[in-house]
Amino acid sequence: MAVLESGQSGWFEELRSFGIRLIWHPSVSEATGSEVTALLEQVRTGLVPLDAVILEGSVLRGPHGSGRFNMFAGTGRSIYHWITELAGVAGYVVSVGSCAAFGGIPAAGLNPTDATGLQFDGTDQGGALGASFRSRRGMPVINIAGCAPHPGWIMETLIALTTGDLTADDLDGFGRPKFIANHLAHHGCSRNEYYEFKASAEKMSELGCLMEHLGCKATQAVGDCNQRSWNGGGSCTKGGYACISCTSPGFESSRNFLETGKLAGIPIGLPLDMPKAWFVALSALSKSATPKRVRSNATSDHIVIPPSRGGGKNKP
Amino acid sequence: MTRITIGPFNRVEGDLEVKLDIEDGVVATAEVTVPLYRGFEQILEGRPALDALALAPRICGICSVSQSIAAAAALRGAMGIEAAPNGVLAANIAHAAENAADHLTHFYIFFMPDFARAAYKSSLWYDAIAERFAATTGRVGREILPARARLLEIMGMVAGKWPHSLAFQPGGTTRAIDLGERIRLLSIVAGFRSFLETTVFDGSLDSLLAIEDTEQLDRWRAGRGGDFCRFLAIADDLQLDRLGKGPGILMSFGAYHGEQGALFGRGVFEEPRGVTALATADIAEDVSHAWMRDGATDPALSATIPDPDKVGAYSWAKAPRLGGRPVEVGALARQTVAGQPLLRALAARSGSNVRNRVIARLIETAQLAVAMEKWIRSLRLNEPFCTDDKPQREGRAAGLIEAARGSLGHWIELSNGKISRYQIIAPTTWNFSPRDAEGRPGPLEQALVGTAVGSEGASSVAVQHVVRSFDPCMVCTAH
C-alpha cells in the first residue's frame, strides 16, 4: 500500500505515463474471483505475457512444506506454489519489502510458518526460489528491501526495469538496487551535528544523536532514507526514533530495538567501515570539543540554546 | 443447493475466500475463510516488552498506526506509565490521519469501483459513474490519490513516516512539534477539509455535521453534487439499505482519548435497549472452527497455537464473541455507540447494512478533519511530548482502541520485563469470524445470507458490495 502515495498526479497516472499496465493487483484491480483465476491461468500458460511478477509478503512454506499458511484464495493452491510457477514465466521477479526479499518479521524467532524471502532466507542465499534462480530476462530476484520500502524506491525500480536501465550489475550482494543501497541511512541525517560531537539523546523525544544510547543503526543500514523525504519531510531519525536497519536481512532478529547494545561502554554496532580504535579516539576527541549549545540541546526535546557566537556562553 | 467458492477476493486488504451455498438464486449459508496466518503472537512471546512497538505495527501496512497505538496502550497499562498530554494529542492527530486516509481509500479505491462493473451497464447512472470510479482508470484517481498523499504528510511531521513508525511510545510521542510545524499541520488539514468540502461532499463540513435525521439529510442532498451524494443516489436505486444486514449488535472500544475523555465513547448498541456499557470481561475467542488448538478463551489468558489439520476448521481466524454473541464493529458501530445523530437515526430506521456502513465512514471522515484541527491547536508547544516514567517489569493490561475498521485490542502480560503473553483481536477478526462452538455464524457470514445472486452465482456483484461494505483488513484478521 506504500506505493499508493507515489506520483504527482497519483499512482495510476504515474503507471500510465511510463506505459506500465497492471495485469492484476489485489488491492486496486477490478477483476475478482474467477476472473482472476482465469487470467492467471492465461499468464501461467504464457498466453498473456508476464513482464514482471511482484511479491509483497514473505513466502510461507509451512506447515511441512505445503504452503498452507498462505493459500491463494479460490485456487486451492498456496502462494508458495503460485509464486514458484509465476516466477518461471516472468521477465523479472521483484520483491517489494523485506518480507518478500529476506523473510522479514514472520521469519523472526521460532519462525512459526517457515517464512522465507524469494531468493534469500535471512542473509543466506536460497529462499523459495533457490540461489541459482534467474528470471526469463536473466536477472536474479530484485529486492526492494525496507519495512515498508519508500514509495519512490518501488516505482523508481519498476520504471528503471521498463526502460531497461536496471541490470544485474546494478544490484548489490543482497539483490538490492545500488541506487538505494550505495548510501547509508545516516547520510543526510538532520541530527548529524549531534553525531559529529557525540552529543547523544538519553531518552525518547530528545534531539541528540540516537546512536550511543537509543539503538540507532543508521550508520550500518543501507538506504537513502535521510536524503529523500518520507511523507513530505520525515524519516525515522527525524521522527525521533532509531533506524532499526529494516533494509537489512535479519533485522527482525534484533531485540531491544530502542537500546544500544554495548560492550565495555562502547556500542557493539559501529559505523559499517570504521575501525573501532578510530571510532573510540574520535568520539573522545569530539566529546571534549562539544559546544555547550550542542550538549544541552541533545538532551532536550526542543532547542534550549540557539546558535550564537561564543559557543552559547553569551546571551544573544 | 449449489456451493460456490469466491476467491481471490480483492480490493480488500489481504487475502479472503468466501464459500456460499445457493438455494433458488439466494445465499442460504456462507463460510468465510481467512487463508493467511503468520504467527505474530507467537513471535512476540519471550521478547523484551518494548519490542512490541517494533513488531506489532508491522502486522499491517494500512492500519499500522492503529496497531502501534494499541500496543503502546497495552504497554502503558502493564508498565504503569502515564503518557504526556501532548503525546496523546499528537498520537490522536496521526491516528485520525491514518483512519481518514483509510476511509477514503476504502470509498474510492476499494468500494466505488464495483458500480463501474459491466453488470450495471443498463443503469441510468452508469456512464458517469464508470468514467469517474472505474478501478485504476477512473478520473477520480487523479484527485483522491494526491489528496491522500498530502494528508499522510501529517505522518512525516508527527511520526517520521508511514507506515511503521516507532514514534508511538507508552510515554507519548518521540517528536516535539514546534510553532512552524503546528502551522504546517494546520495547513495540511485545511487542504484536506477543502478536498472534502469540494470533491467528497460539495458542501461545508459544518452543514453536513449539523444533519440530525433522514429528513434533514434529504433536504441537504437535494440538487447537490459531490461523491457522497453520488453514492446516496446509487444506494437509493439499488436499495443498498436492504443489503448486508449485520448481526444487530454494534460495539465500540471508544476512540481518541484525551484529557476530557474519548472523542467517540465506548459501549454496545442494540435495539431497543440503545447504548449499554461494554463489559470487556465478556470478550472471549472461540476456536472451534479455526485451525487453532483449544485452550483458554479469555484473550488475557489464551495462547495461539496453530493446528493445521484440525477437522471441521475452515479459517485461520479465531471467532471473538461478546457474551457468546457475534458483534459488528466499524465506523457505523463507533458512530452509533457515540450517538452521532444522523447515524443513530439511520441505524434506528434500517439497522446495519451496506449503505449505512458507507455513510458512517464518510461522516466520520468529516468529523476527523474537524477534530484534527482542534487537537493541533491544543498542543502546548513548550511542554513535553513524552514522559520518562520508570517501567514496571511485571504487569498485565489490555490496549483497547478503535482502528478505522473497528475495535482493536492487544492483551499483554509482562514477566520480568519480557512478553509472556500477547494476544490480538483485530476489527475484522470480529466481523469476519468463523462459526463458534454453538454453530453461530460470524457477522459477515450472517450478512451474506439472503443476498440474491440470481443466475450470476459467484460473479454476483451484490456479494461484492456486502463483503466490501465492512472494509475488511484481512492481514490483521488472523495476523
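None of the values given here were measured: they were computed from a predicted structure.

What counts, and at which threshold
- Residues numbered from 1 in each chain as written.
- Chains lettered and ligands numbered in written order.
- Predicted model: local features only at pLDDT ≥ 70, side-chain atom pairs only at ≥ 80, totals over all residues.
- Heavy atoms only, no water.
- Helix = DSSP H or I, 4+ residues; strand = E, 2+ residues; numbered from the N terminus.
- Buried < 20%, exposed > 50% of the residue type's maximum accessible area, 1.4 Å probe, protein only.
- Contact = heavy atoms within 4.5 Å.
- Areas by Shrake-Rupley, 256 points an atom, 1.4 Å probe, with all protein chains shown as cover.
- Lys, Arg positive; Asp, Glu negative; His and termini not counted.
- Charge placed at Lys NZ, Arg CZ, Asp CG, Glu CD.
- Rg over C-alpha atoms; globule rule 2.2 N^0.38 Å.
- Salt bridge = Lys/Arg side-chain N within 4 Å of Asp/Glu carboxyl O.
- Patch = residues over 30% accessible without salt bridge, like charges linked within 9 Å, V, L, I, M, F, W, Y side chains within 5 Å.
- Buried area = accessible area lost by both parts, 1.4 Å probe.
- Polar contact = N/O pair within 3.5 Å; in protein donor to acceptor, adjacent residues only side chain to side chain.
- Axes fitted to C-alpha atoms, helices over the stretch in contact; angles between N-to-C directions.
- Parallel < 35°, antiparallel > 145°, perpendicular 65-115°, else oblique.
- Left-handed = near helix turned anticlockwise from the far one by under 90°.
- Nonpolar A, V, L, I, M, F, W, Y, C, P; charged D, E, K, R; others polar.
- Pairing = 2+ DSSP bridges.
- pLDDT = per-residue confidence, 0-100.
- Core = buried A, V, L, I, M, F, W, Y, C linked by side-chain atoms within 4.5 Å.

> How should I be thinking about the overall build of chain A in this particular structure?
Secondary structure assignment for chain A yields nine helices and eleven strands. Dimensions along the principal axes, computed over C-alpha positions, put chain A at roughly 75 × 45 × 35 Å. By residue count, 55% of the 316 residues in chain A fall in the buried class. In chain A, 63% of the contacts between residues at least 6 apart in sequence involve partners at least 24 apart. As displayed, chain A offers around 13400 Å² of accessible surface, 54% of which is attributable to carbon and sulfur atoms. Where the 27 positive side-chain charges of chain A centre and where its 27 negative ones centre are 9 Å apart.

> For this particular structure, what's the right way to read the overall build of chain B?
A tally of regular secondary structure across chain B gives 18 helices and 15 strands. Whereas a compact globule of 479 residues would reach a radius of gyration of roughly 23 Å, chain B reaches 22 Å, a difference of no more than 12%. For chain B, the proportion of its 479 residues judged to be buried stands at 67%. For chain B, contacts bridging at least 24 residues in sequence account for 70% of all contacts bridging at least 6. Taken as a whole, chain B presents about 15100 Å² of accessible surface, with 49% of it coming from carbon and sulfur. For chain B, the distance from the average position of its 50 positive side-chain charges to the average position of its 55 negative side-chain charges is 3 Å.

> So what exactly am I meant to see when it comes to the pattern of salt bridges here?
Once their charged atoms are close, side chains differing in charge can pair, the charge on each being opposite to the other. What the rule picks out here adds up to 47 salt bridges over all chains. Of the charged contacts in the structure, one is a salt bridge between E13 of chain A and R16 of chain A, with a shortest N-O distance of 2.9 Å. In this pair, E13 of chain A and R16 of chain A both sit in helix α1 (residues 11-17), three residues apart, roughly one turn of the helix. For R16 of chain A, a relative accessible area of 41% puts it in the partly exposed group. We note a salt bridge from E215 of chain B to R349 of chain B, for which the minimum N-O separation is 3.2 Å. One end of the pair, E215 of chain B, is in helix α10 (residues 214-221); the other, R349 of chain B, is in helix α13 (residues 341-350), with 134 residues separating them in the sequence. Residue class for E215 of chain B comes out partly exposed when judged on its relative accessible area of 40%. Each of E41, R44, R77 and E85 of chain A takes part in salt bridges that share partners, so that together they form one network.

> Explain a positive patch on the surface to me, please; I cannot follow it from the model alone.
A surface patch of like charges, here positive, comprises R255 of chain A together with K390, R393 and K418 of chain B. Turning to its location among the elements, K390 of chain B is positioned in the loop between α14 (354-378) and β13 (395-403). Here K390 of chain B falls in the exposed class, since its relative accessible area comes to 76%.

> Could you clarify how one ought to interpret unusual backbone geometry in this entry?
Among all residues save glycine, negative phi is the norm, and among peptide bonds the norm is trans. All names here are of chain B. A cis amide bond links G7 with the next residue in sequence, P8, at an omega value of -5°. Following the sequence through the fold, P8 ends up in the loop between β1 (2-6) and β2 (17-23). For the peptide bond that leads from W162 to P163, omega is -5°, which places it in the cis range. With a phi angle near 55°, Q239 is a residue other than glycine that sits in the positive phi range.

> Please explain the interface of chain B and chain A as it appears in this structure.
A common way to express how large an interface is: the accessible area buried when the components associate. Tallying the contact residues gives 73 residues for chain B and 66 residues for chain A. Surface buried jointly by chain B and chain A totals about 5700 Å² across both partners, of which 59% is contributed by carbon and sulfur atoms. Contact with chain A buries area across many residues of chain B, yet P8, T136 and K161 of chain B alone supply 12% of it, more than any other trio. On inspection of chain B and its partner chain A, the count reaches three salt bridges. Taking the shortest distance from any N to any O, the salt bridge between E13 of chain A and R142 of chain B comes out at 3.3 Å. Taken together, chain B and chain A are joined by 30 residue pairs in polar contact (both at pLDDT 80 or more).

> Just checking my understanding: could you explain the side chain of R132 of chain B for this structure?
In this structure, R132 of chain B sits in helix α5 (residues 126-133). The contact partners of R132 of chain B, leaving out residues within four places of it in the chain, are G138, R139, V140, E143, T199, D227 and R230 of chain B.

> Sorry, what's going on with the packing of helix α4 (residues 85-111) of chain B against helix α8 (residues 179-200) of chain B here?
In a packed pair of helices, the relevant descriptors are the angle between the two axes and the axis-to-axis distance. All names here are of chain B. Following both chains from N to C, one finds α4 and α8 inclined at 25°, their axes separated by 13 Å at the closest point. Taken together, the axes of α4 and α8 lie roughly parallel to each other. At the point where α4 passes α8, the crossing takes the left-handed sense. Two secondary-structure elements touch here, α4 through A100, L104 and Y108 and α8 through F192, F195, L196, T199 and V200. By residue class, the composition of the contact of α4 with α8 is seven nonpolar, one polar and no charged.

> Which parts of the structure should I look at to understand the pairing of strand β12 (residues 319-322) of chain B?
The side chains of a regular strand alternate, first on one face of the sheet and then on the other. Residue and element names in this part refer to chain B. Burial along β12 is two-sided: the face carrying A319 and R321 and the face carrying P320 and L322 are both buried. Alignment of strand β11 (residues 283-286) against β12, held across four bridges, turns out to be antiparallel. Note that in β12 the partner of A284 across the bridge is R321.

> In this structure, what is going on with the packing of helix α6 (residues 141-151) of chain B against α8 of chain B? I would like to understand it.
All names here are of chain B. Contact geometry for α6 and α8: axes closest at 9 Å, N-to-C directions at 155°. Taken together, α6 and α8 sit at an angle that is classed as roughly antiparallel. For the pair α6 and α8, the sense of crossing is left-handed. Between α6 and α8, the contacting residues are E143, I144, A147, R150 and L151 on the first element and S187, I188, F192, F195 and T199 on the second. Residue classes in the contact of α6 with α8 are distributed as six nonpolar, two polar and two charged.

> Before we go on, may I ask you to explain the confidence of the model for chain B in this structure?
Residues shown with low pLDDT carry predicted positions that ought not to be read at fine detail. Residues of chain B with pLDDT of at least 70 account for 100%, and the chain-wide mean is 97. The ipTM, which scores confidence in the relative placement of chains, is 0.96 for this predicted complex, and the corresponding pTM is 0.97.

> Where do I start with the sheet that holds strand β14 (residues 406-415) of chain B in this structure?
Sheet strands pair via backbone hydrogen bonds, and the direction of the pair is either parallel or antiparallel. Residues and elements named next belong to chain B. Reading across from one edge, β13-β14-β15 is the order of the three strands in this open sheet, with antiparallel pairing throughout. Where the open sheet ends on each side, the last strands, each with one partner, are β13 and β15 (418-425). Ignoring which end each strand starts from, the neighbouring axes of this sheet average 15° apart. Relative to β15, β14 runs antiparallel, the two sharing seven bridges. Across the sheet, residue E413 finds its bridge partner in β15, namely R421.

> Could you clarify how one ought to interpret the nonpolar core in this entry?
Ranked by internal contacts, the top residues of the largest apolar core, which has 207 residues, are L20, I154, F201, F231 and L448 of chain B. Take this core: its biggest share by element is 15 residues, from α4 of chain B. Setting aside residues up to four positions removed in sequence, L20 of chain B forms contacts with T2, R3, I4, I6, V27, T29, A30, L448 and V463 of chain B. Listed in part, the 25 residues of the second largest apolar core include V48, V53, L55 and V59 of chain A.

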